[in-house]
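Examination of the molecular architecture
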Amino acid sequence: MTAPHFTPRVFSGIQPSGGLTLGNYLGAIRRFVEMQDRGGFETIYCMVDLHAITVWQDPEALRKNTRELCAGFIAAGIDPEKSILFNQSQVPEHAQLGWIFNCVARMGWMARMTQWKDKAGKNSENASLGLFAYPALMAADILVYHATHVPVGEDQKQHLELTRDIAAKFNHDYGVDFFPLTEPVIEGAATRVMSLRDGSKKMSKSDPSDMSRINMTDDADAIAKKIRKAKTDPEPLPETAEGLADRPEARNLVNIYAALSDLTVEQAMAQVGGQQFGQFKPMLADLAVEKLAPISGEMARLMEAPDEIDAILARGAERARELASPILQRTYEIVGMVR
Ligand code: AMP
Ligand code: TRP
């Protein structure tokens, strides 16, 4: 349990390493908006550009993707007054605390991370040192605000367990109760949106096939085409949610349908159970267009004023530093740095 003296505070981040996908939207951003609007939390959302460069990023593309991600957050309902919205490299406290955590985390912990194993692959000798240390920086992102809750998709669960391990080891080694043990918030029908071409792979901005994902910037025709061509099996949808168990592609489309219409999977199945894909897919495509088109339209509008986006990010960074700076200073004191 999180110690009661920590202010309820939400932190989450997304890498500006490419366009936003439907997976990012349903698994992360939509839930960021909910937590912002629910009240009872301070909410802090970050474009983690330092994480993005753990693999090669073209500088111009990184700049564009960072602004586009910011536009995506705002278009989806993040209010830069209610939430703190900024990019990581403008708040140096992240990298500073990240270094301390590099000295707390153990090589063995990092080597067990499945994302490291997937991304470094067989060629780990040639992966960047930053990619290996990635989860320690992620722990710093969260803990430099003493964040208590972190909404993410399913794929980040292991990193959040490591964040707790780092907080616990720091607290133990220095004999303090300084960092909270952060709670992951992994909820909803779409915590793991899968590729439209392969129900065993997650939908990802780095998949070479554009048909595998719905991008938040796709127009209505592209969305409809991708859903129409999504891989499925030949059977109609089952009558109940249990019937989806061994049918990853069907389950994925139903999960997307449920998440977009704010239903549980059971409620969604009460509506669409038994349908043929020829009936279900066009309905899903219409729903996706109805929900996503206003967001992509607003993103395009915001992208026409990059100076406004930059001003929002600069203001967000200022507010973030007000929270992060005293926590970093206190950490340095605990560690024994002369201040
Ligand atoms: P990333 O794009 O890897 O920086 O991910 C940003 C956020 O989106 C994280 O909270 C991820 O867990 C979430 N996310 C990314 N892809 C998916 C997906 N296919 N399904 C659900 N959540 C996802
Ligand atoms: N690792 C996350 C991802 O790839 C992004 C991230 C970086 C993050 N720092 C974070 C998410 C802190 C939540 C909290 O999706």
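All of the points below concern the structure found in this document.

Analysis parameters
Residues numbered from 1 in each chain as written. Chains lettered and ligands numbered in written order. Predicted model: local features only at pLDDT ≥ 70, side-chain atom pairs only at ≥ 80, totals over all residues. Heavy atoms only, no water. Core = buried A, V, L, I, M, F, W, Y, C linked by side-chain atoms within 4.5 Å. Buried < 20%, exposed > 50% of the residue type's maximum accessible area, 1.4 Å probe, protein only. Helix = DSSP H or I, 4+ residues; strand = E, 2+ residues; numbered from the N terminus. Domains from an automatic or database assignment. Contact = heavy atoms within 4.5 Å. Expected span 1.5 Å × (residues − 1). Bend = angle between axes of the 7 residues up to and from the residue. Near = heavy atom within 4 Å. Polar contact = N/O pair within 3.5 Å; in protein donor to acceptor, adjacent residues only side chain to side chain. Areas by Shrake-Rupley, 256 points an atom, 1.4 Å probe, with all protein chains shown as cover. Nonpolar A, V, L, I, M, F, W, Y, C, P; charged D, E, K, R; others polar.

A short note on the nonpolar core
When a protein is soluble and globular, its nonpolar side chains tend to lie buried together. Ranked by size, the top nonpolar core spans 59 residues in total, and within it Y25, L26, I29, F73, F280 and L292 carry the most contacts. For this core, the leading source of residues is helix α12 (residues 277-303), giving ten residues. A domain-level breakdown of this core finds at least three residues from each of domain 1 (9-191 + 305-335) and domain 2 (210-301). Not counting the four nearest positions on each side in its chain, L26 is found in contact with R31, A190, V193, I256, A259 and L260. V144, V150, L162 and I334 belong to the second largest nonpolar core, which has 45 residues in total.

Focus: α12
Side chains that are three or four residues apart share a direction in an α-helix, a result of its 3.6 residues per turn. Taking 1.5 Å of rise per residue, 27 residues should cover 39 Å, and α12 covers 36 Å from first to last C-alpha, within 8% of that figure. L292 marks where α12 bends most, by close to 35°; the proline P294 follows one to four residues later. Buried residues in α12 make contact with α1 (22-38), α3 (59-76), α9 (220-228), α10 (248-260), α11 (265-272) and α13 (306-335).

A look at the site of ligand 2
As a structural note, the neighbourhood of ligand 2 is formed by 13 residues, with Q15, Y134, M138, D141 and Q156 the closest of them. A distance of 3.0 Å is found between an oxygen atom of ligand 2 and a side-chain nitrogen or oxygen belonging to Q15. A distance of 3.0 Å is found between a nitrogen atom of ligand 2 and a side-chain nitrogen or oxygen belonging to Q156. If ligand 2 stood free it would expose 360 Å²; the protein chains cover 91% of that surface. Breaking the shell around ligand 2 down by element, the ones donating at least two residues are β1 (9-14) and α7 (129-143). Of all the elements, α7 adds the most residues to the shell around ligand 2, at four residues. A per-class count over the shell around ligand 2 returns seven nonpolar, five polar and one charged.

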